[in-house]
Amino acid sequence: MSTSLDKTRLRKPILSYLFVSLFLLLFVFVYERFSHGVTSNSMRMSVLVPLIFGSFLFILFYILPIPFDVTIDLWNMSMTTWICGLILDGVYFIYGVDRPIVHIFYYIGGSISIIAIVLYIYQCTKSIRKNR
């Protein structure tokens, strides 16, 4: 596969993460509008996760080596887990309930993120050795 095809393959995740960020921004605005003045920082942070760790990261892949599909899929799963955990934490906070089960989302999302990063580093070192 040529490099230009790989670069065009990156447009879809960038646009997807931008649309998810816009949807979450609208969702958080409407949800906090009807929450009678109670706001949640974790719900507001859920907008930044796909924007920073999604779109901006995939923009960096125009400069860095493009990861394997498995690495991209793992990264997408970790972002989805982080976003779900942040929204659920925000909903519980607005309702005034403290549930320890929300922390499982952070642990699972962090674990999947670490696996994706290690897999990407392994891919980069493997390609460097191959080019020698």
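Residues numbered from 1 in each chain as written. Predicted model: local features only at pLDDT ≥ 70, side-chain atom pairs only at ≥ 80, totals over all residues. Heavy atoms only, no water.

(A) Representation of the pattern of salt bridges within the structure. Here the structure, examined in full by the defined rule, presents one salt bridge. Here Arg 44 ties to Glu 32 by a salt bridge, and the two come within 3.4 Å at their closest N and O atoms. Of this pair, Arg 44 sits in helix H3 (residues 41-60) while Glu 32 sits in helix H2 (residues 11-33), placing them 12 residues apart in sequence. What makes Arg 44 partly exposed here is its relative accessible area of 42%. (Salt bridge = Lys/Arg side-chain N within 4 Å of Asp/Glu carboxyl O. Helix = DSSP H or I, 4+ residues; strand = E, 2+ residues; numbered from the N terminus. Buried < 20%, exposed > 50% of the residue type's maximum accessible area, 1.4 Å probe, protein only.)

(B) Molecular detail of the packing of aromatic side chains. For the structure on display, the rule yields six aromatic pairs. Pairing Phe 23 with Phe 27 gives two aromatic rings, centres 6.4 Å apart and planes at 20°, and the pair type is stacked. Of this pair, Phe 23 and Phe 27 both sit in helix H2, separated by four residues, roughly a single helical turn. Looking at Phe 23, the relative accessible area reads 54%, which means it is exposed. Through a chain of ring-to-ring contacts, the aromatic side chains of Tyr 17, Phe 58, Phe 61 and Tyr 120 assemble into a single cluster. (Phe/Tyr/Trp six-rings, centres within 6.5 Å; stacked < 30°, edge-to-face > 60°.)

(C) Seen up close, H3. When the terminal C-alpha atoms of H3 are compared, their 27 Å separation across 20 residues agrees well with the 28 Å that a helix rising 1.5 Å per residue should span. Maximal helix bending in H3 amounts to about 30°, located at Leu 48; proline Pro 50 follows within four positions. Taken residue by residue, H3 has Ser 42, Met 43, Ser 46, Val 47, Val 49, Pro 50, Gly 54, Ser 55 and Phe 58 as its buried positions. Buried positions along H3 lie against H2 and helix H4 (69-95). (Expected span 1.5 Å × (residues − 1). Bend = angle between axes of the 7 residues up to and from the residue. Contact = heavy atoms within 4.5 Å.)

(D) Layout of the environment of Leu 88. Here Leu 88 is to be found in helix H4. When the C-alpha atoms of Leu 88 and Lys 12 are compared, they prove to be 27 Å apart, with 76 residues separating the residues in sequence.

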